[in-house]
Amino acid sequence: MVSSIQSIRLMTTQIALKALKEQEATTTSTSSASSSLLQQYGLDTSTSSSNDTLTRLLTTLATKNPDSTVNTTPSTTTTPVSTDVTTASFMRSLKDSLEEMADTAAGKKQADAMLAALKAGTLTVTDPVSGQKIAAWDVDDEKHKDTTSGAATTIATNNWSDFLKERLTRGEDVSYAKSSDGSYIDKTTGENAYFGTVGSKYYYLSWPAANANTPASGTDKTVSSSGSSDTN
């Protein structure tokens, strides 16, 4: 998960560096277009000395990759993480993120529980910002080999702060209560819950507590459905 975020940051730096170099080599008309792009990243392009300083800074940042080598061209092998929770692409990224989490000492127990729920069809992904909730599916399961998308259900849109206050159970010390594996507890369902990132965007994951094995499902109005899927 951390490596995915680092890759995105590196790609952003490399794109800005490439644009700056193109600005220095092109005419005034095309220079203004490059300046506009750089300014979107908060970079001062008002003077040539500023550009020289930025070039050195961006070159330094661009070298901070795992191989410590300079690469000013974004890698063509980097696959963007889909933010559409109804797609198989997102589900692939979700599983990859959970498997990475399972390789860490701090997250292993919780990640293993979520991976087990994913395999059992009891893991739910919620994005209150976009107002969507969906039952996740395991893209490596034989029965889902042809599943390209699933049906999401609508929920009320909300900001993360208010959503978590409404959904998570608090303990006696006012902090959010946690289950034995370190998961939060959803006070509306009693399920285990996790709040974290897939790619660079936050999502809320929930699944039944131990010994519960009821398939995840939504109860709100369906907003989208395409392809074949029996996740709901």
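See the structure shown above.
Below is a short write-up of the structure. Note that the structure is predicted; figures quoted are calculated from it, not measured.

## What about the overall build of the protein chain?
Phase 1 of the analysis: From N to C terminus, the protein chain includes six helices and seven strands.
Phase 2 of the analysis: Its helices and strands taken in sequence order, the protein chain reads α-α-α-α-α-β-β-β-α-β-β-β-β from the N to the C terminus.
Phase 3 of the analysis: In the protein chain, which comprises 232 residues, the share counted as buried stands at 39%.
Phase 4 of the analysis: Considering only contacts within the protein chain whose residues lie at least 6 apart along the sequence, 59% involve residues at least 24 apart.
Phase 5 of the analysis: When the accessible surface of the protein chain is totalled, it reaches about 12,800 Å², and 51% of it is carbon and sulfur.

## Focus on helix H6 (residues 160-167)
Phase 1 of the analysis: Within H6, the full set of buried residues consists of Trp 160, Phe 163, Leu 164 and Arg 167. Around the axis of H6, the buried residues are gathered within 95° of arc, so they sit on the same side.

## Looking at the pattern of salt bridges
Phase 1 of the analysis: Summed over all chains, the structure comprises eight salt bridges.
Phase 2 of the analysis: For the salt bridge of Asp 140 with Lys 95, the shortest nitrogen-to-oxygen distance reads 2.8 Å. You can see Asp 140 sitting in the loop between strand E2 (132-135) and strand E3 (152-154) and its partner Lys 95 sitting in helix H4 (residues 88-102), a full 45 residues away along the chain.
Phase 3 of the analysis: The closest approach of N and O atoms between Arg 167 and Asp 186, which form a salt bridge, is 2.7 Å. Taken together, the residues span a long stretch of sequence, with Arg 167 in helix H6 and Asp 186 in the loop between strand E4 (184-185) and strand E5 (192-198) at a distance of 19 residues.
Phase 4 of the analysis: Taking relative accessible area as the criterion, Arg 167 reaches 18% and is therefore assigned buried.

## Some remarks on the pairing of E5
Phase 1 of the analysis: The buried fraction of E5 amounts to six of the seven residues, a majority that puts the element mostly inside the structure.
Phase 2 of the analysis: Here E4 pairs with E5 via two bridges, running antiparallel. Pairing of Ile 185 across the sheet is with Asn 192, part of E5.
Phase 3 of the analysis: Hairpin connection between E4 and E5: a loop of six residues separates the two successive antiparallel strands, and Gly 190 in this loop has a positive phi of roughly 80°.
Phase 4 of the analysis: Taken together, the seven bridges between E5 and strand E6 (residues 201-207) define a ladder with antiparallel strand orientation. In the sheet register, Tyr 194 faces E6, and the bridge partner there is Leu 205.
Phase 5 of the analysis: The turn linking E5 back onto E6 is made up of two residues, and Gly 199 within it adopts a positive phi angle of 75°.

What counts and what doesn't
Residues numbered from 1 in each chain as written. Predicted model: local features only at pLDDT ≥ 70, side-chain atom pairs only at ≥ 80, totals over all residues. Heavy atoms only, no water. Helix = DSSP H or I, 4+ residues; strand = E, 2+ residues; numbered from the N terminus. Buried < 20%, exposed > 50% of the residue type's maximum accessible area, 1.4 Å probe, protein only. Contact = heavy atoms within 4.5 Å. Areas by Shrake-Rupley, 256 points an atom, 1.4 Å probe, with all protein chains shown as cover. Arc of directions from axis to C-beta. Salt bridge = Lys/Arg side-chain N within 4 Å of Asp/Glu carboxyl O. Pairing = 2+ DSSP bridges.

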